Amino acid sequence: MSSRKKATQNTAELSKEQPLLQGLLTLGLALFVLIFPYERGLFNGYEYGFESPIYNAAIYGYVLLAATALFAYLTGWKLNNHRSVLSIAVLLLPAIYWLSSMQAVSSYYAKFMTFVFFLLAALFLTSLYAAGRVQMRKWLEYGVVLSAYLIVFFGLLNLFGQQYYKDAMWLAHDGYRLSSVFQYSNTYAGFLIAIFLIAAYYAATCERWYMRLANSIMLVPILISFFLAYSRGALVIIPVMLIVLLPFLKLARQFAYVVYAGLSALLTLVILGKITANTEAISAIVQPTETKVATTISMFDKLPLQSWALLAGAALVNAGLIMLIHKKLFPWIEKKSARLAQRKWAFAAFPAAIVVVGLLAAVLLITSDGIRDLLPEKMASRFENINLQQHSVLERWTFYEDGLKVAKDYPLLGAGGGSWQALYEQYQNNPYWSRQAHSFFIQTLVEVGWIGFAALIGLLVYVYYLYIRSYIRYPERRGSHLIFFILATTLLLHSAIDFDMSYVYLSALLFISLGAMIAPYGKSLAFKQEAEQPVQGSAVKWIYPSAIGVLAIVLLVGSARANGANSTFQDTYNTAAAGKAQLNQLLPSLNKAIKTSPDHSVFSLTKYEWLMQVYEQTQNASMKNEALQTLASGKANDPYNRSFIMAQYQNDKKDGKTTEMLQVLEEGISKFRWDIEFYDHAIVEYVAAISSDAGNAESYHKRVLELKAEVERRIAQLATLPPEQSQGRDFSFTPAMQQALASIETK
């Protein structure tokens, strides 16, 4: 072949691969992870205040999805490999969320979660196709790692008092815990585990000295942040991840990895006590109280300056030692271990030894007073309390058991997105308060049933099977894409015991990582060699990309409309709060928001409350009728919303509708079985009805005694909880209940 002809062919192949568009997709993903974590990690708290940043992220993601559809078309999408199957399979989970939304107990949040999971699928697809080439994948790696390091630095600014971000220092019962952008320290600790393992991987494997140096410098700051998050659950993840990760490395790299990680931990412990004392003093100055607002202090004040100096010194010493060891000692280790590394069992020998040593170290740490005395008191106390009987473990088991109860009643497609926060009070074992199931897998099971759960597990198994098989089969393609495996696996493990995936930023990182794990092996995942493939018609080339393109447009329009409704409502609410308009001026824009999102409970409740306020002032019956219609419509869309039920009860009480009022209270008791307020109102109202409704007095009296017995039974049930487990909210006879019961006992 002539050089001109060969050059022409290479240019055509490069054009077919669309490097410019692929680069834009990669840049888009990198910008996504850099831009969006600072809105509370895109936390989905199933409340109005959390929604707009998530919609903004979704709109961004759907634009990437549309661009990915174009890329798939231009590069000739074919259903002839595992990557193509994955590009279809990843859409099953959001599709099941959409199906589940048709029978959901919370109509709005079921649709909202459908948008969220389509966003995750969009990011997976973009990553799957964008990270196929080495250079593009490197951009994505750098974007993810840079984003993580910036989050660590942001947390340190809050820790040392130069920045105040609400709940970046989270106030727990035993003091402040570092949580950075996530405002929840356990989730931050799980994230830090992943980032530490990635930084240690780079330190042990980078060929370029400046990359090793940069990542080595970050090891101590990450560990300081981790220790000051005070998370016991995240500690359990570390040995598990080491067992999972080390076999992917050559024996010499395993030694280097463990030595560098251990050295970083040792230097962190050296400065931990002083930095802990300093940060406690800084928190007393910076954090708000009932008598003072939040403030910040200069980096050059004594406490922060000393803390930054200690941290920088330890980080630089650690990095210097790692660079020295890697230059002087690592080649010797690599040479000496070369023969041993050739043995089949060598990849697992060192991890097994680490497990044994780690278990011995854990036993010593938990049982030895001498070793624990080397740690700060608060840290030592948390180590000492690591056991299966601690309250957080017992409470999580309760959440999981209650989640399985919900799944038993909604087995196939679940109860829809947002159903845990809607239903948990009906199924809970004791009166805890938790709008999160504290497990990604249990929450998914509740929301989309066993079919959706199977789709999630199937996708994960498929991705991990392809990655591990390809990693073994194609050693020449191994490389730093292992960091995506580390990130995804750590997040999945920790999310099994906490609600990390409720942070859309973290779930986005998970799905981006899953796609990037497979991307390097894209061309190696064909079912058959190209020569054996039948020629596919032109229709196949455009059916899937066109479908994805149409889906992206539909999702863009839907999410933009929903976000627009939120913006309209917020503007209307702000105008009302400022007292700049009358109700007749506010209603058109509020009605516009409701028309766009008719099942949004906050919009309906706000309209109901405003109309009732005007009715109380004017006694205009049309206002009340419209308010009650709004209330009924809102309750139909969100029947487990406590505010709707209480509002309906109060209206029926004012109108003297005794039968309807009692029915509403019974509904409240059936849906909120540990809410003592419903029992209180019910007993008081039934006792009052005994005197006013002689015809039903006997049945009312019987029901009062049944409710009394039910409260007594539940109080006795709470007494059986393990002493380490908190019962949650108060559940006991109120003075009003006691007075009402005493009145019928004296008759």
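Residues numbered from 1 in each chain as written. Predicted model: local features only at pLDDT ≥ 70, side-chain atom pairs only at ≥ 80, totals over all residues. Heavy atoms only, no water.

Participant: How do you make sense of the overall build of the protein when you look at a structure like this?
Facilitator: The secondary structure content of the protein amounts to 31 helices and two strands. Classification of the 747 residues of the protein by burial places 53% in the buried group. Long-range pairs, those at least 24 residues apart, make up 76% of the contacts in the protein with a sequence separation of at least 6. Split by element, the accessible area of the protein, about 32900 Å² in all, is 63% carbon and sulfur. (Helix = DSSP H or I, 4+ residues; strand = E, 2+ residues; numbered from the N terminus. Buried < 20%, exposed > 50% of the residue type's maximum accessible area, 1.4 Å probe, protein only. Contact = heavy atoms within 4.5 Å. Areas by Shrake-Rupley, 256 points an atom, 1.4 Å probe, with all protein chains shown as cover.)

Participant: Where do I start with the side chain of threonine 268 in this structure?
Facilitator: The residue threonine 268 is located in helix H11 (residues 251–286) in this model. By relative accessible area, threonine 268 is classed as buried at 0%. For threonine 268, the residues in contact, after removing those within four places along its chain, are Val220, Leu223, Ile224 and Phe227.

Participant: When you look at helix H22 (residues 504–518) in this model, what are you seeing that I'm missing?
Facilitator: Helical periodicity: at 3.6 residues per turn, an α-helix aligns residues three or four positions apart in one direction. An ideal rise of 1.5 Å per residue puts 21 Å on 15 residues; H22 measures up with 22 Å between its terminal C-alpha atoms. The buried count for H22 comes to 15 of 15 residues, which makes it a mostly enclosed element. (Expected span 1.5 Å × (residues − 1).)

Participant: Would you take a moment to explain the pairing of strand E1 (residues 169–172) for this structure?
Facilitator: If a strand is regular, its side chains alternate between the two faces of the sheet. As paired elements, E1 and strand E2 (residues 175–178) share four bridges and run antiparallel to each other. Along E2, the bridge assignment pairs leucine 171 with tyrosine 176. Where E1 folds back on E2, the antiparallel hairpin that results is connected by two residues. (Pairing = 2+ DSSP bridges.)

Participant: Can you walk me through the nonpolar core in this structure?
Facilitator: The tendency in soluble globular proteins is for nonpolar side chains to be buried side by side. Within the largest apolar cluster, 168 residues are counted, with the highest numbers of intra-cluster contacts made by Phe191, Tyr257 and Leu482. It is helix H6 (residues 107–130) that provides the largest number of residues to this core, a total of 18 residues. (Core = buried A, V, L, I, M, F, W, Y, C linked by side-chain atoms within 4.5 Å.)

Participant: Please clarify how the packing of helix H29 (residues 676–692) against helix H30 (residues 697–719) should be interpreted in this entry.
Facilitator: Any two packed helices are characterised by how steeply their axes cross, that is the angle between the axes, and by the distance between the axes. Put simply, H29 and H30 touch, their axes get as near as 9 Å, and they point 155° apart. Classed by the angle they form, the pair H29 and H30 counts as roughly antiparallel. For the pair H29 and H30, the crossing hand works out as left-handed. Residues Ile676, Tyr679, Ala682, Ile683, Tyr686, Val687, Ala689 and Ile690 of H29 pack against Ala697, Tyr700, His701, Arg703, Val704, Leu707, Lys708, Glu710, Val711 and Arg714 of H30. (Axes fitted to C-alpha atoms, helices over the stretch in contact; angles between N-to-C directions. Parallel < 35°, antiparallel > 145°, perpendicular 65-115°, else oblique. Left-handed = near helix turned anticlockwise from the far one by under 90°.)

Participant: Explain the packing of aromatic side chains here, please?
Facilitator: The relation between two aromatic rings is expressed through the spacing of the ring centres and the mutual angle of the planes. Evaluation of the coordinates by the stated rule reveals 52 aromatic pairs. When the ring of tyrosine 109 is compared with that of phenylalanine 112, the centres are 5.9 Å apart and the planes differ by 90°; the resulting orientation is edge-to-face. Taken together, the residues span about one helical turn, with tyrosine 109 and phenylalanine 112 both in helix H6 at a distance of three residues. The same class applies to tyrosine 109 as to phenylalanine 112, namely buried. Note on tyrosine 424 and tyrosine 432: the rings are 5.8 Å apart at their centroids and 15° apart in plane angle, and the pair reads as stacked. Through a chain of ring-to-ring contacts, the aromatic side chains of Phe43, Phe50, Trp170, Phe182, Tyr184, Tyr188, Phe191, Phe499, Tyr503 and Tyr505 assemble into a single cluster. Here arginine 714 stacks its cationic end above the ring of tryptophan 674, 4.8 Å away from the centre of that ring. (Phe/Tyr/Trp six-rings, centres within 6.5 Å; stacked < 30°, edge-to-face > 60°. Lys NZ or Arg CZ within 6 Å of the ring centre and 35° of its normal.)

Participant: Can you help me understand the packing of helix H10 (residues 232–245) against helix H21 (residues 482–495) in this one?
Facilitator: The contact between H10 and H21 brings their axes to 10 Å, and the two run at 140°. Taken as axis vectors, H10 and H21 run oblique relative to one another. As for the relative orientation of H10 and H21, their crossing is right-handed in sense. Residue-level inspection shows Gly233, Ala234, Ile237, Val240, Met241, Val244 and Leu245 of H10 in contact with H21, the latter providing Leu482, Phe485, Ile486, Thr489, Thr490, Leu493 and His494.

Participant: Is there a simple way to think about the confidence of the model for the protein in this case?
Facilitator: The predicted coordinates should not be examined in detail at positions where pLDDT is low. Mean pLDDT over the protein stands at 90; residues scoring 70 or higher make up 89%. Element-level pLDDT for the protein is lowest in helix H1 (residues 3–17), with a mean of 47, against a maximum mean of 98 in H22. Residue range residues 1–15 is modelled with pLDDT below 50. Its contacts to residues more than four positions away, or to other chains, number four contacts. (pLDDT = per-residue confidence, 0-100.)

Participant: Hey, could you run me through the side chain of arginine 137 in this one?
Facilitator: Relative to the assigned elements, arginine 137 resides in helix H7 (residues 134–159). Buried and without a salt bridge, arginine 137 has glutamate 141 as its closest oppositely charged side chain, separated by 4.4 Å. (Lys, Arg positive; Asp, Glu negative; His and termini not counted. Salt bridge = Lys/Arg side-chain N within 4 Å of Asp/Glu carboxyl O.)

Participant: Mind showing me how you'd approach unusual backbone geometry here?
Facilitator: For residues that are not glycine, phi is negative in most cases, and the peptide bond is trans in most cases. Phi angles above zero are rare outside glycine, and tyrosine 46 is one such case at about 55°. For tyrosine 46, the position within the fold is in the loop between helix H2 (19–35) and helix H3 (51–74). The phi dihedral of aspartate 167 falls on the positive side, at around 65°, and the residue is not glycine. Tracing the chain through its elements places aspartate 167 in the loop between H7 and E1. Judged by its relative accessible area of 27%, aspartate 167 falls in the partly exposed class.

Participant: In this structure, what is going on with the pattern of salt bridges? I would like to understand it.
Facilitator: Any two side chains of opposite charge can pair, on the condition that their charged atoms come close. Tallied over the entire structure, the rule returns 19 salt bridges. Glutamate 616 serves as the salt-bridge partner of lysine 654, at 3.6 Å between the closest nitrogen and oxygen. Linking lysine 654 in helix H27 (residues 642–654) with glutamate 616 in helix H25 (residues 601–618), this pair joins segments that are 38 residues apart in sequence. A relative accessible area of 43% means that glutamate 616 is categorised as partly exposed. Among the charged side chains, a salt-bridge network with shared partners connects Lys635, Glu667 and Lys671.

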